[in-house]
Amino acid sequence: MKVFIVYCHPSEDSFTREILRSFTKGIEDSGGEYVISDLYKMGFDPVMSEKQYLRDAFYKTEPEVEPDIIAEQQKIEDCDVIAFVYPVFWTEAPAMLVGWFDRVWSYGYAYGETKSMKVVDKALFLVSAGNPIERLEEFGLLDAMKKVMLGDRFNGRAKEKEFIVFDSTSRETGLRQIEWDAKLKKAYEAGRDLCSN
Ligand SMILES: Cc1cc2nc3c(=O)[nH]c(=O)nc-3n(C[C@H](O)[C@H](O)[C@H](O)COP(=O)(O)O)c2cc1C
């Protein structure tokens, strides 16, 4: 089982980084393989250029997309499962990850009559959120996040889809510390179960 992890967080000093560590340990312990695109560390450029806009919005396959995008698309082609690990920023993924979708989901690859993107076995989201789950559910925010990721970005692009939220991770309350170990165990198991099933 090969897992392609797209990781996006600006700081090493973060709970999300710990989620990534536990998740990858679970994959390793069950004999799986993974590659990571750590978007901040790579200095990934999330900004769509006019050149790519004119290509994608006009349904053209020329000119070829930039080499950094071809590299990301190749990682998708080489994996069985794609996993995203990130914190919720304003009920979305961090801007760098949103831009990753803008650019990597290019015309002719992710959409269009001649799209060539493989259908992955699974798209898995491991998402940390400062708010408690009740607050995220109150206004339908969690549902909105799931709909965007699973219903739009992975519509027809994954056989299975799962969205796991690690809630109450804000430094504002004591819950972050109290539930720390249990959450990391859950992240570990998500990696382990992915590759042992
Ligand atoms: C700019 C910014 C926006 C955020 N927006 C949200 C939000 O909309 N909903 C939420 O539940 N948490 C929000 N958070 C909290 C993050 O999700 C939180 O920092 C993270 O889950 C805690 O883990 P970390 O230590 O990895 O940053 C936000 C944090 C930042 C810095």
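Residues numbered from 1 in each chain as written. Predicted model: local features only at pLDDT ≥ 70, side-chain atom pairs only at ≥ 80, totals over all residues. Heavy atoms only, no water.

(A) Representation of helix α4 (residues 67-77) within the structure. By the burial criterion, the buried members of α4 are Ile69, Glu72, Gln73 and Ile76. All buried residues of α4 project into a common sector of 100° when viewed along the axis, lining one side. Along its buried surface, α4 packs onto β1 (2-7), β2 (33-38), α2 (39-42), β3 (81-87), α5 (95-104) and β4 (120-128). (Buried < 20%, exposed > 50% of the residue type's maximum accessible area, 1.4 Å probe, protein only. Helix = DSSP H or I, 4+ residues; strand = E, 2+ residues; numbered from the N terminus. Arc of directions from axis to C-beta. Contact = heavy atoms within 4.5 Å.)

(B) A look at the packing of aromatic side chains. Per the stated rule, a full pass over the model turns up 18 aromatic pairs. Each ring, one from Trp100 and one from Trp105, has its centre 5.6 Å from the other, and the planes form 50°; the classification is tilted. Neither residue differs from the other here; Trp100 and Trp105 are each classed as buried. Each member of the aromatic cluster is reached from another via a ring pair, and the members are Phe4, Phe84, Tyr86, Trp100, Phe101, Trp105, Phe125, Phe154 and Phe163. Note that Lys186 overlies the ring of Phe166, its terminal NZ or CZ placed 5.9 Å from the centroid. (Phe/Tyr/Trp six-rings, centres within 6.5 Å; stacked < 30°, edge-to-face > 60°. Lys NZ or Arg CZ within 6 Å of the ring centre and 35° of its normal.)

(C) Quick look at the site of the ligand. Thr16, Val88, Trp90, Ser128 and Thr169 are the nearest of the 17 residues found near the ligand. Taking His9, its side chain carries an N or O atom lying 3.0 Å from an oxygen atom of the ligand. The backbone of Val88 places a nitrogen or oxygen atom 2.8 Å from an oxygen atom of the ligand. Summarising the interface, the protein chains cover 76% of the accessible area of the ligand, which totals 620 Å² for the free molecule. (Near = heavy atom within 4 Å. Polar contact = N/O pair within 3.5 Å; in protein donor to acceptor, adjacent residues only side chain to side chain. Areas by Shrake-Rupley, 256 points an atom, 1.4 Å probe, with all protein chains shown as cover.)

(D) A look at unusual backbone geometry. A cis amide bond, omega -5°, links Glu62 with the succeeding residue Pro63. Along the chain, Pro63 falls in the loop between α3 (50-56) and α4. Although it is not a glycine, Tyr59 sits at a positive phi angle of roughly 55°. Inspection of the secondary structure assignment puts Tyr59 in the loop between α3 and α4. Even without a glycine there, the phi angle at Trp90 is positive, about 45°. Note that Trp90 resides in the loop between β3 and α5. On the basis of relative accessibility, which here comes to 85%, the residue Trp90 falls in the exposed class.

(E) Representation of the sheet that holds β1. Overall, parallel pairing links the five strands, which are arranged β2-β1-β3-β4-β5 in an open sheet. At either end of the open sheet lies a strand with only one pairing partner, and these are β2 and β5 (158-166). Strand-to-strand twist in this sheet, taken as the mean axis angle between neighbours without regard to direction, amounts to 15°. As paired strands, β4 and β5 are joined by eight bridges and run parallel to one another. Within β5, the residue paired with Leu124 across the bridge is Glu162. Where helix α9 (residues 180-196) meets the sheet, it contacts β1, β3, β4 and β5, and its direction lies at approximately 165° from that of β5. (Pairing = 2+ DSSP bridges. Axes fitted to C-alpha atoms, helices over the stretch in contact; angles between N-to-C directions.)

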